[in-house]
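So you can see what is in the structure, the chains are spelled out below.
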Amino acid sequence: METTSRVDGQASVAEGGQQFAAARRTVDGYLLAPFPWYGLDEAFTGPRWLMQVGMAADGAVEHGSIGHGDEPSVRNEHLAAAANESREKFAVVVTVAASPSRRSADGTGLLEATSVSSAAWLAGVGLLSFTWPGQMDHSLRDDWLDQQTETAWELADDLAGDVWSTLSLPVDGVSTPFHYRESEFGWVLAGSTSEGVHLGAYGRGMSAYGLGFAMIKDIAEYA
């Protein structure tokens, strides 16, 4: 599958919630992107916040995420339920630059192409980074993440498979088809826009049905 670097994606999963707060809150990387950023449209009136950008080997910004709603933390759902805690309600929108396979800026390597599958995989591992099963000891979480990350890769590589359904949602006011799947941990979707980017999204506690996406006019407002 042609997609963005798996190493970058796995690193963000392994870091988990401990690195989440420290890594975001800066708009600098977002401002370097030569493509537009997307978030939920104006129908969503809750909190919005920056997360992280992903860069290629040559330093070019390839993708990034914008959060909406409650700020997610790594949690064991079983323990949360036992403590009578409400589940966090959030949706994260991942913007991925649509680009072909190309030479790096320094000419020393080949940068992988991006596709809708890239957005699906980044969204899938993003959701995993904030959850682990209730029956699992925390010490086994890394092994579980490795296994589930590989599964997310395989699912993203087979968007025509039975696991995915089609969901039409507005993007800049235009009805757009997305690949959509649900799991016990939340939902994931992925599609493309007419603005040269692919969109991925994931969340839990907030239904994907009825969401809409829109280009962010000024990402600097998120700083």
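Data block above holds the structure.
An account of the accompanying structure is given in this report. Everything numeric here is computed off the predicted structure, so don't read it as measured data.

Attention shifts here to the packing of aromatic side chains. One pass over the structure, following the stated rule, counts six aromatic pairs. Ring centres 5.5 Å apart and planes at 70° place the aromatic pair Y180 and Y209 in the edge-to-face group. Of this pair, Y180 sits in strand β10 (residues 174-183) while Y209 sits in the loop between β12 (197-204) and β13 (213-215), placing them 29 residues apart in sequence. For Y180, a relative accessible area of 4% gives the class buried.

Here we come to the pattern of salt bridges. Counted by the stated rule, this structure contains one salt bridge. In this structure, the salt-bridge partner of E88 is R204, at a minimum N-O distance of 2.8 Å. Note that E88 is positioned in the loop between α3 (77-82) and β5 (90-97) and R204 in strand β12, a separation of 116 residues in sequence. Take E88: its relative accessible area is 10%, and that puts it in the buried class.

What follows concerns the environment of S192. Here S192 shows up in strand β11 (residues 186-192). Given the relative accessible area of 27%, S192 is considered partly exposed. When the C-alpha positions of S192 and H179 are compared, they lie 10.0 Å apart, and in sequence the two are 13 residues distant. Apart from the residues within four sequence positions on either side, S192 is in contact with V116, T176, V197 and H198. Side chain to side chain, S192 and H198 meet in a polar contact 2.8 Å long.

Cut-offs used in this document
Residues numbered from 1 in each chain as written. Predicted model: local features only at pLDDT ≥ 70, side-chain atom pairs only at ≥ 80, totals over all residues. Heavy atoms only, no water. Phe/Tyr/Trp six-rings, centres within 6.5 Å; stacked < 30°, edge-to-face > 60°. Helix = DSSP H or I, 4+ residues; strand = E, 2+ residues; numbered from the N terminus. Buried < 20%, exposed > 50% of the residue type's maximum accessible area, 1.4 Å probe, protein only. Salt bridge = Lys/Arg side-chain N within 4 Å of Asp/Glu carboxyl O. Contact = heavy atoms within 4.5 Å. Polar contact = N/O pair within 3.5 Å; in protein donor to acceptor, adjacent residues only side chain to side chain.

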